[in-house]
Amino acid sequence: RKEKENVKAILDSKDVLDSIPSDFDFGYCPVSSASKKSFVISNVTAGVVKFMIRKSEDNPFELSHESGVLAVKGKQEITISYTPKESESITSTIVLSINGEEKPIKLSAVSKYPLITVTETTLDFKELLVGKFETKEISIQNVGLVPATFKIEKEKNEEDDTS
């Protein structure tokens, strides 16, 4: 009686590269805020996989891992971060190499400043008697293309200092 042999498909590095997207568009990104995209390198071959990611020195995108070794069925998540310092439109390329085979990956982003509008720039309650209250409304709206954060603080003056 003849036993059946398990036949395992042997895949190569090209199969690993083909599973990775060839471009990452970060879209609109707020200036001074980190935007992130991730992908996973999965070793679907029958052997060990060595990977390396190359980028130019002036490439503003940061990588969580630039090289590594993956055992059979091993995985590595790679996170790409972009923290723009000014408003700009940028396109760059990184090159992923797996066991010597290469794949260029295009990275693009448009960084913008948030655009905040405010109905009132100051709220003056004049003088209020102790125990009396007055309510005023202020509307703050982000009309820009990127998220914005803001903070409302009480203005300090000499009269507020009770020490």
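Residues numbered from 1 in each chain as written. Predicted model: local features only at pLDDT ≥ 70, side-chain atom pairs only at ≥ 80, totals over all residues. Heavy atoms only, no water.

Some thoughts on the sheet that holds strand E4 (residues 62–63)
In a beta sheet, neighbouring strands pair by backbone hydrogen bonds and run either parallel or antiparallel.
Then, in step 1: On the basis of which strands lie adjacent, the open sheet formed by 3 strands has the order E2-E6-E4 and antiparallel pairing. The sheet is open, and its two edges are formed by strand E2 (35–42) and E4, each paired on a single side.
Then, in step 2: Pairing between E4 and strand E6 (residues 75–82): 2 bridges, direction antiparallel. Bridged to Glu 62 within E6 is Ser 81. (Pairing = 2+ DSSP bridges. Helix = DSSP H or I, 4+ residues; strand = E, 2+ residues; numbered from the N terminus.)

Here's the deal with the sheet that holds strand E5 (residues 67–70)
Then, in step 1: With mixed pairing, 5 strands are arranged side by side in an open sheet as E1-E8-E7-E3-E5. Of all strands in the sheet, those with a lone pairing partner are strand E1 (23–30) and E5, marking the two edges. Within this sheet the neighbouring strands show an average axis-to-axis angle of 20°, counted without direction.
Then, in step 2: The pairing of strand E3 (residues 49–54) with strand E7 (residues 88–98) spans 4 bridges and is antiparallel. When the bridges of E7 are listed, Met 52 appears paired with Ser 97. (Axes fitted to C-alpha atoms, helices over the stretch in contact; angles between N-to-C directions.)

Observations regarding the environment of Pro 21
Then, in step 1: Structurally, the position occupied by Pro 21 is in the loop between helix H1 (13–18) and E1.
Then, in step 2: We classify Pro 21 as partly exposed; its relative accessible area is 37%.
Then, in step 3: Spatially, the C-alpha atom of Pro 21 lies 7.4 Å from that of Ile 105, the residues being 84 residues apart in sequence.
Then, in step 4: For Pro 21, the residues in contact, after removing those within four places along its chain, are Lys 103 and Ile 105. (Buried < 20%, exposed > 50% of the residue type's maximum accessible area, 1.4 Å probe, protein only. Contact = heavy atoms within 4.5 Å.)

A closer look at the packing of aromatic side chains
Then, in step 1: With the rule as written, the count across this model stands at 4 aromatic pairs.
Then, in step 2: On the basis of an interplanar angle of 45° and a centroid distance of 5.3 Å, the ring pair of Phe 26 and Phe 61 is categorised as tilted. With a gap of 35 residues between them, Phe 26 in strand E1 and Phe 61 in the loop between E3 and E4 connect regions that are remote in the sequence. The pair Phe 26 / Phe 61 is uniform in exposure class, with both members buried. (Phe/Tyr/Trp six-rings, centres within 6.5 Å; stacked < 30°, edge-to-face > 60°.)

Remarks on unusual backbone geometry
Then, in step 1: Located in the positive-phi region is Ser 32, a residue other than glycine, with phi close to 70°.
Then, in step 2: The topology assignment puts Ser 32 in the loop between E1 and E2.
Then, in step 3: Residue Lys 73 is not a glycine yet carries a positive backbone phi of 70°.
Then, in step 4: Turning to its location among the elements, Lys 73 is positioned in the loop between E5 and E6.
Then, in step 5: Exposure remark for Lys 73: the relative accessible area of 67% places this residue in the exposed category.

A word on the pairing of strand E8 (residues 101–112)
Then, in step 1: Bridging between E1 and E8 involves 6 bridges; their strand directions are parallel. The residue of E8 that forms the bridge with Asp 25 is Ser 108.
Then, in step 2: Taking the residues between adjacent antiparallel strands as the criterion, E7 and E8 are bridged by 2 residues, where Asn 99 takes a positive phi near 50°.

A short note on the pattern of salt bridges
Then, in step 1: Under the definition given, this model contains 6 salt bridges.
Then, in step 2: The partner of Lys 14 in a salt bridge is Asp 18, with the nearest N and O atoms 3.1 Å apart. Within this pair, Lys 14 and its partner Asp 18 are both found in helix H1, separated by 4 residues, close to a single helical turn.
Then, in step 3: According to the relative accessible area criterion, Asp 18 is partly exposed, its value standing at 48%.
Then, in step 4: In this structure, the salt-bridge partner of Asp 124 is Lys 126, at a minimum N-O distance of 3.6 Å.
Then, in step 5: The class of Asp 124 is partly exposed, set by a relative accessible area of 41%. (Salt bridge = Lys/Arg side-chain N within 4 Å of Asp/Glu carboxyl O.)

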